[in-house]
Amino acid sequence: QVQFVESGGGLVQPGGSLRLSCAASGFTADDYYIGWWRQSPGKEREGVSIIRYSDGVTYYGESVKGRFAISRDSAKNTVYLQMNSLDTEDTAKYYCGVRIRRGRFGTAVQLLSPRADYWGEGTLVRVSL
């Protein structure tokens with residue numbers, strides 16, 4: 001079965017850091033992206049960051065650019081999201097998922113749209129005093 005298991009969420013003060021992990025398994029594709037999306041109450045799900053798994057090319061949402069960094073460990077089939085300088089607006093449930101490439105390569109906006117072929121259950125991140 002396809003599985004995306006997120007971990008690393010929790011409580012953190014503004015300005016602090018967290019690192020999320022996503023362990024992926026159970027799917028195959030010629031080319032794909034693994035990334036992170038998030039959703040908070042009253043807001044639409046938004047793309048945070050995504051990485052092209054074959055060559056490591058990365059994309060970031062404007063709200064997290066310069067603060068977050070996505071990386072992968074191919075040997076472990078794991079993708080990480082390092083989150084620094086966290087703000088209360090970063091509070092959300094964070095989901096790991098895969099976008100399988102079909103046809104042409106997508107733009108950053110397209111790749112970060114709230115759509116994926118498979119999602120994990122998510123991990124909660126709360127940034128609060």
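Look up a bit, the structure's there.
Quick caveat, the model's predicted, so the values are computed rather than measured.

K.L.:
Would you mind showing me how to read the sheet that holds strand 3 (residues 18–25) here?
P.N.:
Taking strand neighbours across the sheet as the criterion, the four strands line up as 1-3-8-7 in an open arrangement whose pairing is antiparallel. Where the open sheet ends on each side, the last strands, each with one partner, are strand 1 (3–7) and strand 7 (68–73). Sheet twist, expressed as the mean angle between neighbouring strand axes with direction ignored, is 15°. Bridge count for strand 3 against strand 8 (residues 78–83) is six bridges, and the pairing is antiparallel. Residue pairing in the sheet places Arg 19 in a bridge with Gln 82 of strand 8.

K.L.:
Please clarify how the pattern of salt bridges should be interpreted in this entry.
P.N.:
Close approach of charged atoms lets side chains of opposite charge pair. With the rule as written, the count across this model stands at eight salt bridges. In this structure, Asp 31 and Arg 101 form a salt bridge, with 3.0 Å as the shortest nitrogen-oxygen distance. Of the two residues, Asp 31 sits in the loop between strand 3 and strand 4 (32–39) while Arg 101 sits in the loop between strand 9 (92–100) and helix 1 (108–111), which places them 70 residues apart along the sequence. We classify Asp 31 as buried; its relative accessible area is 7%. Judged by its relative accessible area of 28%, Arg 101 falls in the partly exposed class. Among the charged side chains, a salt-bridge network with shared partners connects Asp 31, Arg 52, Asp 55 and Arg 101.

K.L.:
Explain the state of the cysteines to me, please; I cannot follow it from the model alone.
P.N.:
Two cysteines, two sulfur atoms, one covalent bond between them: this is a disulfide. Within this structure, the stated rule accounts for one disulfide. Across the disulfide, Cys 22 is cross-linked to Cys 96 (sulfur-sulfur distance 1.9 Å). Between Cys 22 and Cys 96 the sulfur-sulfur dihedral comes to about -75°; the bridge is accordingly left-handed. With Cys 22 in strand 3 and Cys 96 in strand 9, this pair connects stretches of sequence that are 74 residues apart.

K.L.:
Just to check I follow, could you spell out the nonpolar core for this structure?
P.N.:
For soluble globular proteins, nonpolar side chains are generally found buried alongside one another. Formed by 27 residues in total, the largest nonpolar core has its most connected members in Phe 4, Ile 34, Trp 36, Phe 68, Leu 81, Met 83 and Tyr 94. At the level of elements, strand 3, strand 4, strand 5 (46–52), strand 7, strand 8, strand 9 and strand 11 (123–127) are the ones that each hand at least two residues to this core. Residue contacts for Met 83: discarding those within four places in its chain leaves Gly 16, Ser 17, Leu 18, Leu 20, Arg 67, Phe 68, Tyr 94 and Val 125.

Quick notes on the rules
Residues numbered from 1 in each chain as written. Predicted model: local features only at pLDDT ≥ 70, side-chain atom pairs only at ≥ 80, totals over all residues. Heavy atoms only, no water. Pairing = 2+ DSSP bridges. Helix = DSSP H or I, 4+ residues; strand = E, 2+ residues; numbered from the N terminus. Axes fitted to C-alpha atoms, helices over the stretch in contact; angles between N-to-C directions. Salt bridge = Lys/Arg side-chain N within 4 Å of Asp/Glu carboxyl O. Buried < 20%, exposed > 50% of the residue type's maximum accessible area, 1.4 Å probe, protein only. Disulfide = S-S within 2.5 Å. Core = buried A, V, L, I, M, F, W, Y, C linked by side-chain atoms within 4.5 Å. Contact = heavy atoms within 4.5 Å.

Taken by themselves, the reported measurements are silent on function.
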